[in-house]
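Take a look at the letters that make up each chain.
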Amino acid sequence: QVQLVESGGGLVQAGGSLRLSCAVSISYFSRYSMGWYRQAPGKQRELVAEIGAFGNTNYADSVKGRFTISRDNAKSTMYLQMNNLKPEDTAVYFCKVWATWGSTNFWGQGTQVTVSS
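Residues numbered from 1 in each chain as written. Predicted model: local features only at pLDDT ≥ 70, side-chain atom pairs only at ≥ 80, totals over all residues. Heavy atoms only, no water.

## Quick look at the nonpolar core
By size, the foremost hydrophobic cluster in this structure holds 30 residues, and its most contacted members are Trp36, Val48, Phe67, Leu80, Met82 and Tyr93. When residues of this core are traced back to their parent elements, those giving at least two are strand S3 (18-25), strand S4 (33-39), strand S5 (46-51), strand S7 (67-72), strand S8 (77-82), strand S9 (91-98) and strand S11 (111-116). (Core = buried A, V, L, I, M, F, W, Y, C linked by side-chain atoms within 4.5 Å. Buried < 20%, exposed > 50% of the residue type's maximum accessible area, 1.4 Å probe, protein only. Helix = DSSP H or I, 4+ residues; strand = E, 2+ residues; numbered from the N terminus.)

## Considering the sheet that holds S8
With respect to topology, 4 strands assemble into an open sheet ordered S1-S3-S8-S7, the strand pairing being antiparallel. Unpaired on one side and paired on the other, strand S1 (3-7) and S7 mark the two borders of the sheet. Strand after strand, the sheet turns through a mean of 15° between neighbouring axes, direction not considered. (Pairing = 2+ DSSP bridges. Axes fitted to C-alpha atoms, helices over the stretch in contact; angles between N-to-C directions.)

## A few points about the pattern of salt bridges
Evaluation of the coordinates by the stated rule reveals 4 salt bridges. Between lysine 64 and aspartate 61 there is a salt bridge, with the nearest N and O atoms lying 3.4 Å from each other. For aspartate 61, a relative accessible area of 66% puts it in the exposed group. A salt bridge links arginine 66 to aspartate 89, with the nearest nitrogen and oxygen atoms 2.8 Å apart. Taken together, the residues arginine 66 in the loop between strand S6 (57-59) and S7 and aspartate 89 in the loop between S8 and S9 connect sequence positions 23 residues apart. Among the ionic contacts, a cluster of salt bridges with common partners joins Arg38, Glu46, Arg66 and Asp89. (Salt bridge = Lys/Arg side-chain N within 4 Å of Asp/Glu carboxyl O.)

In structure tokens:
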């Protein structure tokens, strides 16, 4: 069964850093695109960053220059390095994996990130 498990969330002060991890149990991990989404209370879920099978990346304007998405195919894990965190970054962060060759996609359970002012 395909599983995505996020970790690394927590409470941090503004200006601090966190690194989120998403361990993915799936065959042929390296062939999938993946990304991080976040959802704050009362708000829509939004794309934070994504990374393709070839390492190509895209970021939301709100996090560009502060967050870095990466993947380690040998470990079947993707990461989100978050620097210079701001209170508005507070949200539940979800990892997502999807196939570019079809409509298949998978979601993790989410991890809470709270940034205090």
